[in-house]
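Listed below are the residues making up each chain.
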Amino acid sequence: AYGGEIGFVLEEIDYTLRHLAGWVRPQRIRTPLLHFRGSSKLYTEPFGQVLILAPWNYPFQLLFSPLVGALAAGNCVILKPSELAVHTAAVMEELINTHFDRGILRVINGGVETAEALLNEKFDKIFFTGSPRVGKLVMQAAAKHLTPLTLELGGKSPAIVDASANLPVAARRIVWGKFFNAGQTCIAPDYVLVQHAVRAEFTRL
């Protein structure tokens, strides 16, 4: 739980706090010749109202990790946890809705109908983690308002083992990657491509 959920978010917070001052500082950029004697700077601004939708396999990390960046950038955020991680969603709702200003940060729990209702509203940015099938629905809803969005979707992840690999180490790490979090990780190895010369030895491990 710490390695897959809590520790990851704490590191994200620490990294953001250490670098935020530099990120938000105006950056001097080159001024076009047309504006000779002028100077140019690049200023960062928040999007505004952000919606973050998280899946069930890492219900805390995949909700709070994008939240760190969204809040650091000065946005107001609505969090929609997965309805399939009921107890985790309830704890997050209690913690956030009790201790944060509701005009800045809010957790809204519910099922598919709640997600659909939220997606019908106009946001300035949407961040979704989940399946390609649902990602298409999120993109379709965002298109109605021309809302920029980030989609972090599941895929197929090969592991490649060639003849130069340390086979016992590779086998151990591939198995660990596949079974971590009961195998419910979007980048867990789905299949292994092994160089023919070491295939027999590798499969015996």
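Going by the structure above, here's the rest.
This section reports on the structure supplied with the text.

Procedures and definitions
Residues numbered from 1 in each chain as written. Predicted model: local features only at pLDDT ≥ 70, side-chain atom pairs only at ≥ 80, totals over all residues. Heavy atoms only, no water. Helix = DSSP H or I, 4+ residues; strand = E, 2+ residues; numbered from the N terminus. Buried < 20%, exposed > 50% of the residue type's maximum accessible area, 1.4 Å probe, protein only. Contact = heavy atoms within 4.5 Å. Areas by Shrake-Rupley, 256 points an atom, 1.4 Å probe, with all protein chains shown as cover. Lys, Arg positive; Asp, Glu negative; His and termini not counted. Charge placed at Lys NZ, Arg CZ, Asp CG, Glu CD. 1 Å grid on protein atoms, 1.4 Å probe; cavity = no way out; pocket = protein on both sides within 12 Å on 5 of 7 lines; lining within 4 Å. Points joined across faces, edges and corners; volume = space filled by probe spheres on them. Pairing = 2+ DSSP bridges. Right-handed = clockwise from strand over helix to strand, strands pointing away. Core = buried A, V, L, I, M, F, W, Y, C linked by side-chain atoms within 4.5 Å.

1. Here's the deal with the overall build of the chain
- Scanning the chain from terminus to terminus reveals seven helices and nine strands.
- In terms of overall dimensions, the chain has a C-alpha envelope of 65 × 50 × 35 Å along the principal axes.
- Taking all 205 residues of the chain together, 32% fall into the buried category.
- Here the analysis covers contacts within the chain between residues at least 6 apart in sequence; of these, 63% occur between residues at least 24 apart.
- In the form shown here, the chain has an accessible surface area of approximately 13,500 Å², with 60% of it arising from carbon and sulfur atoms.
- Between the mean site of the 20 positive side-chain charges and the mean site of the 17 negative ones, the chain shows a separation of 9 Å.

2. Topic: the layout of surface pockets
- When its volume is computed, the largest pocket comes out at roughly 960 Å³.
- Lining of the largest pocket is provided by 40 residues; of these, F128, T129, G130, S131 and V134 occupy positions nearest its centre.
- Contributions of two or more residues to the lining of the largest pocket are made by helix 4 (112-119), strand 6 (125-130), helix 5 (132-143) and strand 7 (149-153).
- For the lining of the largest pocket, the leading source of residues is helix 5, giving six residues.

3. Re the pairing of strand 9 (residues 191-194)
- Where strand 8 (residues 158-161) lies against strand 9, four bridges are found, and the strand directions are parallel. Within strand 9, the position partnered with I160 by the bridge is L193.
- Between the parallel pair strand 8 and strand 9, the chain is carried across by helix 6 (residues 167-179), and the sense of this crossover is right-handed.

4. Quick look at the nonpolar core
- Ranked by size, the top nonpolar core spans 14 residues in total, and within it I52, L63, F64, L67, V77, L79 and L105 carry the most contacts.
- Where this core is concerned, the elements lending two or more residues are strand 3 (49-53), helix 2 (61-72), strand 4 (76-80), helix 3 (86-99) and strand 5 (105-107).
- It is helix 2 that contributes the most residues to this core, four residues altogether.
- Here L63 is in contact with I52, A54, L79, K80, P81 and M92, once residues within four sequence places are set aside.
- If you look at the next biggest cluster of nonpolar residues, it comprises ten residues, including L119, F123, F128 and V138.

5. Overview of the environment of I52
- Within the secondary structure, I52 sits in strand 3.
- Looking at I52, the relative accessible area reads 1%, which means it is buried.
- It is 22 Å that separates the C-alpha atoms of I52 and Y2, two residues lying 50 residues apart in sequence.
- Setting aside residues up to four positions removed in sequence, I52 forms contacts with L62, L63, P66, L67, A70, V77, I78, L79, K80 and F127.

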